[in-house]
Amino acid sequence: MSDQDKAALLDTLRDIVGPAGCLEGPDIEPRHYQDVLGARAEAPMILLRPANTEEVSAILKACHAYLQPVAVQGGMTGLVSAAAPRQGEVAISLERMRRIIEIDPYTATMTVEAGVPLQSIQEEAEAHGLLFPLDLGARGSCTIGGNLSTNAGGNRVIRYGMTRDLVLGLEAVLADGTVIDGLNKLRKNNTGYDLKQLFIGSEGTLGLITRAVIKLLPKPSSQAVALCAVSDFERVADLLVHCQAKLGANLSAFEVIWRNTWELIDQHVEHVSMPLQSEQPFFVLVESMGSHGDKDAELFLQVLESASEQGLISDVVVAGDSERIRKLWAVRDAAAEIYPVLGYMHTFDVSLNVGDMGYFGEEVEKRLRQQWPEAIIGLFGHIGDGNVHILVRIGPDTRELHLQIDEIVYGLIQELKGSVSAEHGIGMLKKPFLSCSRSTEELALMRSLKQNLDPQGILNPGRVL
Ligand code: ZN
């Protein structure tokens, strides 16, 4: 773009959003330079903070006309290097679009703008005696627009599904500024293609999500959590089947911590005290949520007792009050706190068949140790959903090794027909490995969708494909 065109485009963009809606140069806070992964720290050409859908539409129309690439930003809590701008990109942050537009108790829906933080949605639902079940560690800073565009997962997928399962309607703006208004609240709507799903999980590469109608659910009134020590992975898998069969819909989390991660938490996360002393190789957090108070608690204890009788668990602590429940969840949540204490780590988010997971844990460690015998390795994850996270620390800053490590981990994932991204997305980080989990034909169809919806390639270019 010539300097003259660039100046004209910037003037147009400034006019669209007004002084309150744009920041330039040193006024742009560094948090708009990089996401949590921190792969790069590039200042955007200009930071636009539109106040409504019309402004988003006008921005994209102008950028489309000038072939100007944009980086779309939510809460910047992503882990795959998607929202951080690349050189010469205009950043569009939806942080000013944070209105909760409506709660409809009859359809049990909430209509929100893309910039509303997840936690605000959870709290608003709760104030109405309802539940928005999407929950993840970054709840305070991530936004619903980011959750939607990455199809975020989190801790309760086993019961309520991924973000895409919690959406009824969506408004999105196409690359050329066209607004697609699909903000309906209908549970049943078989009228051709489900267009909203094009925008959910496509990481802002096909359109920019501006508003959504999300599903709310009845708020459970009972909660109980157990932390179990288990002697091998086969028993972990059998315990999952046992809990699914006996707890039915009450099963709301099934999280597993491998012993290696357990020890890292014990040694490095000071504010957490381990509620169990056990030499077993696996620890499982099981949660039940229901709406029949005492009956639910009784059922939960019975299920654990029968698991124990069948030899599935060797030790267990149970929590029924909120303080003790919080303490057990703190152990699981601490898996995400090792990274900040220990320093630079390579982190992975992969999906597998549950039956392959025991082998995967041993094999991935074996293959990594062949190269780096002293590596610190930790596994944990949402095993009820077949999702495991892996932490690998080789040295103080081993960024330059990341492709080498990726090849080992994703090579094994490909052998086991798993997915290289369970819930974090592809961004730029995992782009070289997308073909490990997607066929040539699937990739060709993705490219033709991208070409059709964003012919100039201005939306989050270089991400995903
Ligand atoms: Zn996770």
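Note that the structure is a prediction, hence the values are computed from the model and not measured. (Residues numbered from 1 in each chain as written. Predicted model: local features only at pLDDT ≥ 70, side-chain atom pairs only at ≥ 80, totals over all residues. Heavy atoms only, no water.)

Of the protein atoms, only His382 (NE2), His389 (NE2) and Glu423 (OE) coordinate the zinc ion, at distances of 1.9 to 2.2 Å. Linear spacing of the donor residues for the zinc ion on their chain is H-x6-H-x33-E. Its relative accessible area of 2% is what places histidine 382 among the buried residues. (Donors = N, O, S within 2.8 Å, 3.2 Å for Na, K, Ca; no water. Buried < 20%, exposed > 50% of the residue type's maximum accessible area, 1.4 Å probe, protein only.)

Below, the discussion takes up the sheet that holds strand 8 (residues 167-173). Where strands meet in a sheet, backbone hydrogen bonds hold them as pairs that are either parallel or antiparallel. Across the sheet, five strands lie side by side as 5-6-10-8-9; this open sheet has antiparallel pairing. Looking at strand neighbours, the two that pair on one side only are strand 5 (100-104) and strand 9 (179-182), the edges of this open sheet. On average, each strand axis in the sheet is inclined to that of its neighbour by 10°, with strand direction left out of account. Pairing between strand 5 and strand 6 (residues 109-113): four bridges, direction antiparallel. Note that in strand 6 the partner of isoleucine 100 across the bridge is valine 112. (Pairing = 2+ DSSP bridges. Helix = DSSP H or I, 4+ residues; strand = E, 2+ residues; numbered from the N terminus. Axes fitted to C-alpha atoms, helices over the stretch in contact; angles between N-to-C directions.)

Another point: the packing of helix 12 (residues 357-371) against helix 13 (residues 402-415). Taken N-terminus to C-terminus, the directions of helix 12 and helix 13 make an angle of 150°; their axes are 10 Å apart at the nearest point. In this view, helix 12 runs roughly antiparallel relative to helix 13, as classed from their interaxial angle. Judged by the twist between their axes, the crossing of helix 12 over helix 13 is right-handed. Residues Tyr359, Phe360, Glu363, Val364, Arg367, Leu368 and Gln371 of helix 12 lie in contact with helix 13, whose contacting residues are Gln404, Ile405, Ile408, Val409, Leu412, Ile413 and Glu415. Class assignment of the residues belonging to the contact of helix 12 with helix 13 gives a composition of nine nonpolar, two polar and three charged. (Parallel < 35°, antiparallel > 145°, perpendicular 65-115°, else oblique. Left-handed = near helix turned anticlockwise from the far one by under 90°. Contact = heavy atoms within 4.5 Å. Nonpolar A, V, L, I, M, F, W, Y, C, P; charged D, E, K, R; others polar.)

Further remarks concern the pairing of strand 8. Where burial is concerned, most of strand 8 is hidden: seven out of the seven residues are buried. Pairing of strand 8 with strand 10 (residues 208-215), which is carried by six bridges, proceeds in the antiparallel orientation. Its bridge partner lying in strand 10, glycine 169 is registered against valine 213. With four bridges connecting them, strand 8 and strand 9 associate as antiparallel partners. When the bridges of strand 9 are listed, alanine 172 appears paired with isoleucine 180.

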